[in-house]
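Chain and residue survey
As a plain string of letters, each chain reads:
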Amino acid sequence: MSLKKIKVLITGASGLLGRQILDYLENKNLQLEKPVDNVENYVFECLGLCHSRAKNKLRPIDLNNFGQIDDLIQEFKPDVIIHAAAVRKVESVENDFEGALKLNKDATEHLAKIADQQKIFFIYISTDYVFDGKNAPYKPNDKPNPLNKYGLSKLNGEVVTSEVSNNHCIVRVPVLYGFTEPNNYGESAINVLIQNVKKKTPIKVDHQQTRYPTHCLDVSRFLTSLIIKYFEIGSNQVKGIFHCSGLESFTKYEICCIMADLYNIKSDFIQPDLTTDFSLRPKNAQLDVTDSFSLLNFKPVMNFKPALKECLENFVQ
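The present account deals with the structure reproduced in this document. (Residues numbered from 1 in each chain as written. Predicted model: local features only at pLDDT ≥ 70, side-chain atom pairs only at ≥ 80, totals over all residues. Heavy atoms only, no water.)

**A closer look at the overall build of the chain**
Each helix and strand counted, the chain has 11 helices and 11 strands in total. A compact globule built from 317 residues would reach a C-alpha radius of gyration of about 20 Å, and the chain, at 19 Å, matches this within 12%. With the C-alpha coordinates aligned to their principal axes, the bounding extent of the chain is approximately 55 × 40 × 35 Å. Expressed as a percentage of its 317 residues, the buried residues of the chain come to 53%. Within the chain, contacts between residues separated by at least 24 positions form 80% of all contacts whose residues are at least 6 apart in sequence. Total accessible area on the chain is roughly 14,400 Å²; 47% of this is exposed by carbon and sulfur atoms. (Helix = DSSP H or I, 4+ residues; strand = E, 2+ residues; numbered from the N terminus. Rg over C-alpha atoms; globule rule 2.2 N^0.38 Å. Buried < 20%, exposed > 50% of the residue type's maximum accessible area, 1.4 Å probe, protein only. Contact = heavy atoms within 4.5 Å. Areas by Shrake-Rupley, 256 points an atom, 1.4 Å probe, with all protein chains shown as cover.)

The structure is reproduced here in structure tokens:
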């Protein structure tokens, strides 16, 4: 049987998630090792876009240069656009909200609009931070109420996507971890905690906010499954908002203790902080994945402790 070819354009392809999406879609061995339903029937031709860190086959581009974007889409003619690029650091968005909106809202709107005009399946990556964390777990259609400007900027992206496109999916994800670049643990709010652990100096770490760390490989598998389902059963059933999340919950304090244990470091220098201010971050924004996982017959395969150790010891080149 001949394989069905799908062309996928990925924004933010030099980032933690974008790199993993690109790798999973193009790596048949990885698909065989960590499969999703019917992936063996498809071959994906990908083009990854980046703002900086251009290497390998990535194409540098300014997503706010709409003429350049239009030309590239006309040239590549994708079947799918995965929009993973974003300004995502909470403090950065608080300090420059208007600047963040240029990427998180304006570029999103343009990509969604041109995708709709050309019948391209558009996937917008959003966040659990669209919720205030006061009434978890959250279903996809629960009313958002972001506490910070980052969550608000991503919610703006969701709104414009829904307004200009009939051919889209919004995929919300929580805090991500995965294979970072060498000496760049800061790509992930999870991976970066190892720096505090290895210093072995007394530190207090939040022990109140519940997080659901999710491996970028599982998100990539979820997106692949979503794409396959879209082309198999049609846009009428694969549209709207989806949730993808790991199923294990931890506080930052618990994660630091796990890291210390992985490296046989006594964790008595790590103390739980019970004084966290939740004015800017939700205390528990757990995403309800029941319906999303059921539609796709999906389940995560990356167990946190062994997957975290693998990520901390191996780097993307």
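**As for the pairing of strand β2 (residues 42-50)**
Strand residues, when the strand is regular, have side chains that alternate between the two faces of the sheet. Among the nine residues that make up β2, seven are buried, leaving the element largely enclosed by the rest of the structure. Note that strand β1 (residues 4-11) and β2 share seven bridges and pair parallel. The residue bridging K7 from the neighbouring strand is E45, located in β2. With two bridges joining them, β2 and strand β3 (residues 59-60) adopt parallel strand pairing. Directly across from C50, in β3, lies its bridge partner P60. (Pairing = 2+ DSSP bridges.)

**Observations concerning the packing of aromatic side chains**
In this structure the tally under the stated criterion is 10 aromatic pairs. Ring centres of F250 and F304 lie 4.7 Å apart, and the angle between their planes is 35 degrees; this geometry places the pair in the tilted category. Here F304 lies in helix α11 (residues 304-313) and F250 lies in the loop between β10 (240-243) and α9 (252-262), a separation of 54 residues in the sequence. Given the relative accessible area of 10%, F250 is considered buried. (Phe/Tyr/Trp six-rings, centres within 6.5 Å; stacked < 30°, edge-to-face > 60°.)

**What to know about the sheet that holds β2**
Across the sheet, seven strands lie side by side as β3-β2-β1-β4-β5-β6-β10; this open sheet has parallel pairing. If you trace the sheet from one side to the other, it starts and ends with β3 and β10, each paired once. Along the sheet, helix α1 (residues 16-26) contacts β1, β2, β4 (80-83) and β5 (121-127); its crossing angle with β2, the most-contacted strand, is approximately 155 degrees. (Axes fitted to C-alpha atoms, helices over the stretch in contact; angles between N-to-C directions.)

**Things to note about the packing of helix α5 (residues 97-117) against helix α6 (residues 149-164)**
At a minimum axis separation of 8 Å, α5 and α6 run at an interaxial angle of 20 degrees. Classified by the angle between their axes, α5 and α6 sit roughly parallel to one another. Crossing handedness for the pair α5 and α6: right-handed. Touching F97, L101, N104, K105, T108, E109, A112, K113 and D116 of α5 are K149, Y150, L152, S153, K154, N156, G157, V160, T161 and V164, all from α6. Among the residues forming the contact of α5 with α6, the class breakdown is seven nonpolar, six polar and six charged. (Parallel < 35°, antiparallel > 145°, perpendicular 65-115°, else oblique. Left-handed = near helix turned anticlockwise from the far one by under 90°. Nonpolar A, V, L, I, M, F, W, Y, C, P; charged D, E, K, R; others polar.)

**Here's the deal with the side chain of T214**
Tracing the backbone through its elements, the reader meets T214 in strand β9 (residues 214-215). Overall, T214 belongs to the buried group, its relative accessible area being 2%. Polar contacts involving the side chain of T214 include one to the main-chain carbonyl oxygen of Y212, which spans 2.9 Å. Ignoring anything within four residues of it in the chain, the contact list for T214 reads P174, V175, L176, Y177, V219, S245 and G246. (Polar contact = N/O pair within 3.5 Å; in protein donor to acceptor, adjacent residues only side chain to side chain.)

**A word on α1**
Counting buried positions over the 11 residues of α1 gives nine, a clear majority of the element. Three or more residues of α1 are buried, namely L16, L17, G18, R19, Q20, I21, L22, Y24 and L25.

**What to know about the pattern of salt bridges**
This model, assessed by the stated rule, comprises 10 salt bridges. Put simply, K5 and E45 hold a salt bridge, and the shortest N to O gap is 2.6 Å. In this pair, K5 sits in strand β1 while E45 sits in strand β2, placing the two residues 40 residues apart along the sequence. The exposure class assigned to E45 is partly exposed, which follows from its relative accessible area of 29%. The salt bridge involving D218 is made with R221; its shortest N-O contact spans 2.9 Å. (Salt bridge = Lys/Arg side-chain N within 4 Å of Asp/Glu carboxyl O.)

**Describing the environment of K139**
The residue K139 is located in the loop between β5 and α6 in this model. On the accessibility criterion, K139 (40% relative accessible area) is partly exposed. Sequence spacing of K139 and S292 is 153 residues, and the spatial spacing of their C-alpha atoms is 9.5 Å. Not counting chain neighbours up to four residues away, the residues in contact with K139 comprise F131, R172, H243 and D288.

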